Amino acid sequence: QVQLVESGGGLVQAGGSLRLSCAASGDTFSNYVMGWVRQAPGKEREFVAGIRWSSGRTSYADSVKGRFAISRDNAKNTVYLQMNSLKPEDSAVYYCAARTTGRSEYKNWGQGTQVTVSS
């Protein structure tokens, strides 16, 4: 069974940086898309970034493009989200998620890690 565990969240000042990690287990993930999704209080979940495990192809929400970068280490089965130039509106719980390439909905979710950006 696929399991995802996030880490790396915390408190940072506006303009600062954080790197989130997602340790993935339970599959080879060769046919998976891994993603980061965030949710702030009172708001809907928002797609942040995604990466196709096999090819490394990435996609980003317009709101984070140029500031965030998603990557993966195949040997470590770990996905990262490097977040730079953080803004208060980036504050949210960040979830690592996984889906197969043949589906549009993320099936597997981590527990989430809190990111708080102060002004």
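Here the structure is a predicted model, which means the values were calculated and not measured.

Rules used in this analysis
- Every chain is numbered on its own, with residues counted from 1 as its sequence reads.
- Local features are withheld for residues below a pLDDT of 70 in this predicted model, meaning they are given only at 70 or higher, and side-chain atom pairs are given and counted only at 80 or more; totals for whole chains, interfaces and linings count all residues.
- The basis for the side-chain values is all heavy atoms of the structure; hydrogens and waters are excluded.
- Aromatic rings from Phe, Tyr and Trp, taking only the six-membered ring of Trp, are treated as a pair when their centres fall within 6.5 Å; an angle between ring planes under 30 degrees marks them as stacked, one over 60 as edge-to-face, and anything in between as tilted.
- Think of it in three bands: with a 1.4 Å probe and only protein chains considered, a residue is buried below 20% of the maximum accessible area for its type, exposed above 50%, and partly exposed in between.
- Only when the NZ atom of a Lys or the CZ atom of an Arg is both within 6 Å of the ring centre and within 35 degrees of the ring normal do we say a charge sits over the ring.
- We define the nonpolar core as a collection of buried residues of types Ala, Val, Leu, Ile, Met, Phe, Trp, Tyr and Cys that are connected through side-chain atoms lying within 4.5 Å of one another.
- The helix count covers DSSP runs of H or I at least four residues long, the strand count covers runs of E at least two residues long, and both are numbered beginning at the N terminus.
- Contacts were defined at the residue level, with two residues in contact if any of their heavy atoms lie within 4.5 Å.
- The rule for a disulfide is simple: a pair of cysteine sulfur atoms within 2.5 Å.

Draft legend 1. Structural view of the packing of aromatic side chains. As enumerated under the stated definition, the model contains four aromatic pairs in all. Taking the centre distance of 5.2 Å and the plane angle of 70 degrees together, the rings of Phe29 and Tyr32 count as edge-to-face. Residue classification places Phe29 among the buried residues on the basis of a relative accessible area of 0%. On the numbers, 6.1 Å between centres and 70 degrees between planes, the contact of Tyr106 with Trp109 is edge-to-face. Looking at Trp109, the relative accessible area reads 33%, which means it is partly exposed. Site record: aromatic cluster; members linked through ring pairs are Phe29, Tyr32 and Trp53. The ring of Tyr95 has Arg45 sitting right over it, with the charged end atom 4.7 Å from the ring centre.

Draft legend 2. Examining the nonpolar core more closely. Core analysis: the largest hydrophobic core is formed by 30 residues, its most contacted members being Met34, Trp36, Leu81, Met83 and Tyr94. Among the secondary structure elements, those contributing two or more residues to this core are strand 3 (18-25), strand 4 (32-39), strand 5 (46-52), strand 7 (68-73), strand 8 (78-83), strand 9 (92-100) and strand 11 (113-118). In contact with Met83, other than residues within four places in its own chain, are Gly16, Ser17, Leu18, Leu20, Arg67, Phe68, Tyr94 and Val115.

Draft legend 3. Quick look at the state of the cysteines. In the structure shown here, the tally under the stated rule is one disulfide. The partner cysteine of Cys22 in its disulfide is Cys96, sulfur to sulfur 2.1 Å. Disulfide Cys22-Cys96: the torsion about the S-S bond is -80 degrees, which places it as left-handed. Taken together, the residues span a long stretch of sequence, with Cys22 in strand 3 and Cys96 in strand 9 at a distance of 74 residues. Look at Cys22 and you get buried, because its relative accessible area is 0%.

Draft legend 4. How the structure looks around unusual backbone geometry. Unusually for a residue other than glycine, Asn77 sits at a positive phi of about 50 degrees. Structurally, Asn77 is set in the loop between strand 7 and strand 8. The phi torsion at Ser85 lies on the positive side, around 50 degrees, for a residue other than glycine.

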